[in-house]
Amino acid sequence: MRRGLRTWISATLLVCLLAGLAGCGAEAAEPAEEAARYDAVDFVMGTVVSITIYTTGEDVTGDIPPLLSGLEDQWISWRKEGSELARINANAGTPTALSDQMAAYIEKALAVAKDSGGAFDPTLRDLSALWDFESGNAVVPPEAEIAALLPYVGYEKISLDGSTVLLPEGTGIDLGAIGKGFGCDAIQAYLEARPEITGALINIGGSSTITYGTKDDGQPWKIAVQDPRDPTGYLGALTLTGTWHVSTSGDYDRYFEKDGVRYHHILDPQTGYPAGSGLMSVTVISDGGGVSDALSTACFVLGPEASMALLEQYGAEAIFVDVNKNVTVTDGIRAQFELTAADYRMV
Ligand code: AMP
Ligand code: MG
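Residues numbered from 1 in each chain as written. Chains lettered and ligands numbered in written order. Predicted model: local features only at pLDDT ≥ 70, side-chain atom pairs only at ≥ 80, totals over all residues. Heavy atoms only, no water.

Observations concerning the pattern of salt bridges
Tallied over the full model, the rule gives 11 salt bridges. Between lysine 258 and aspartate 259 there is a salt bridge, with its nearest N and O atoms 3.4 Å apart. Relative accessible area serves as the criterion here: at 42%, lysine 258 is assigned to the partly exposed category. Judged by its relative accessible area of 70%, aspartate 259 is exposed. Among the salt bridges present, the one from lysine 325 reaches aspartate 343, with a minimum N-O distance of 2.8 Å. (Salt bridge = Lys/Arg side-chain N within 4 Å of Asp/Glu carboxyl O. Buried < 20%, exposed > 50% of the residue type's maximum accessible area, 1.4 Å probe, protein only.)

Brief notes about the coordination of the magnesium ion (ligand 2)
Every protein donor of the magnesium ion (ligand 2) is accounted for by Ala177 (O), Asp293 (O), Asp293 (OD) and Thr297 (OG1), and the metal-donor separations fall at 2.1 to 2.4 Å. Mapped onto the polypeptide sequence, the residues donating to the magnesium ion (ligand 2) form the spacing pattern A-x115-D-x3-T. Highlighted residues: alanine 177 in the loop between β5 (164–166) and α7 (179–192) and threonine 297 in helix α8 (residues 289–302), separated in sequence by 120 residues. The exposure class of alanine 177 is partly exposed, given its relative accessible area of 23%. (Donors = N, O, S within 2.8 Å, 3.2 Å for Na, K, Ca; no water. Helix = DSSP H or I, 4+ residues; strand = E, 2+ residues; numbered from the N terminus.)

A look at the nonpolar core
The biggest cluster of nonpolar side chains holds 60 residues, and the ones touching the most others in it are Met102 and Ile106. In terms of residue count, helix α4 (residues 100–115) provides more of this core than any other element does, 8 residues in total. If near-sequence neighbours (up to four positions away) are discounted, isoleucine 106 is found in contact with Ile88, Leu98, Ile158, Leu160, Val165 and Ile173. Core analysis: the next-biggest nonpolar cluster, separate from the first, contains 20 residues, Trp221, Leu235, Met280 and Ile285 among them. (Core = buried A, V, L, I, M, F, W, Y, C linked by side-chain atoms within 4.5 Å. Contact = heavy atoms within 4.5 Å.)

Some remarks on the packing of α7 against α8
When two helices pack together, their arrangement is given by the angle between the helix axes and by the axis-to-axis distance. With their axes 6 Å apart at the nearest point, α7 and α8 run at an angle of 160° to one another. Taken together, the axis directions place α7 and α8 in an arrangement best described as roughly antiparallel. Of the two possible hands of crossing, α7 and α8 adopt the one that is right-handed. Counted together, Gly179, Lys180, Gly181, Phe182, Cys184 and Asp185 of α7 and Gly289, Gly290 and Asp293 of α8 form the full contact between these two elements. (Axes fitted to C-alpha atoms, helices over the stretch in contact; angles between N-to-C directions. Parallel < 35°, antiparallel > 145°, perpendicular 65-115°, else oblique. Left-handed = near helix turned anticlockwise from the far one by under 90°.)

Observations concerning α4
Across its 16 residues, α4 extends 22 Å between first and last C-alpha, which sits within 8% of the 22 Å expected from 1.5 Å per residue. Residues of α4 that are buried include every one of Met102, Ala103, Tyr105, Ile106, Ala109, Leu110, Val112 and Ala113, and no others. Each element contacted by the buried residues of α4 is listed here: α2 (64–76), α3 (84–90), β4 (159–161), β5, α7 and α8. Positive backbone phi, approximately 65°, marks glycine 117, located one or two places after α4. (Expected span 1.5 Å × (residues − 1).)

Focus on the site of ligand 1
In the vicinity of ligand 1, 17 residues are found, and the nearest of them are Ala119, Asp121, Ser249, Leu267 and Thr297. Between ligand 1 and alanine 119 there is a distance of 2.9 Å, counted from a nitrogen atom to a backbone nitrogen or oxygen. Between ligand 1 and threonine 297 there is a distance of 2.6 Å, counted from an oxygen atom to a side-chain nitrogen or oxygen. In the complex, 94% of the free accessible area of ligand 1, which totals 500 Å², lies under the protein chains. (Near = heavy atom within 4 Å. Polar contact = N/O pair within 3.5 Å; in protein donor to acceptor, adjacent residues only side chain to side chain. Areas by Shrake-Rupley, 256 points an atom, 1.4 Å probe, with all protein chains shown as cover.)

Considering unusual backbone geometry
Even without glycine at this site, methionine 45 takes up a positive phi of about 50°. Among the secondary structure elements, methionine 45 is positioned in the loop between β1 (36–44) and β2 (47–55). The phi torsion at lysine 325 lies on the positive side, around 70°, for a residue other than glycine. The residue lysine 325 is located in the loop between β14 (317–322) and β15 (326–329) in this model. Lysine 325 sits in the partly exposed class, given a relative accessible area of 21%.

What follows is the structure, given as structure tokens:
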């Protein structure tokens, strides 16, 4: 857990650093409009959130953390009593009426689950709880306990009919692999409602980032992609113009090692064990936060070849890093990614 926090903080600092470096150029460039830059760092959704906003109005960086904690508390956290998701899970076995927002969240999660052939699956709640990667002292669960939970896993067991959802008893929804992305979507809606905000770069937990609008100097956004084996270093940098959602899933986020095997938090829903696609990380770039987040998890499970059709379907691009330090970048983003870590190679 401590290692995870270090990773988040260092990734967040990297994003800040790159934003800061680019910001230095802004001073020389004399912005046409008087947009001022405001920065803040906070701790929400169990992680570090870094916020940079360019605006001609007042400093609104303080609005972002409550927006994210509200999203968790009101809707998507299965751990927080009183959230709509906790109520849905508690009602498993009985049809449950949903708010429009929750129906939209579940619909989006089910769409990616279906399109990825179940590689992303929002019903892994109890299996993830069994592995308990968050605790910091996780062990490999007994095979029989994993086998006993597998029958309750499967997105197709969720039936969503308009604004009513029905889960079989024993099945629980976990939106952990898409929640930070929904957070970025909510941030985008907030920013779009405020014309005085001209640009923003916001990162949740080092793993989900939104770039919005433009910087005051008109320079593109620079997003650091983390080195999966060096929490303080980075693999390279993405150069993006305008509004994008960048999400990374990695085997370095929450994991432990036992007998030389790395057990990480991204599970293969088919087996109940950590996905063994030979990857260390996948970064997805798309125009949707929930989409990028869910796809990064799905692509991590699928591996590069099997991910290509899925990425194309969503108009998304990706950077895959395998355990041999080979980096595969999809054609549409290749020119915007610069690999800088010396011990990795592009393939
Ligand atoms: P992410 O870091 O976005 O890839 O999300 C990983 C988190 O989502 C884990 O900590 C689990 O709570 C959950 N999860 C693990 N494997 C999957 C999967 N294959 N599909 C959906 N959620 C998953
Ligand atoms: Mg994800």
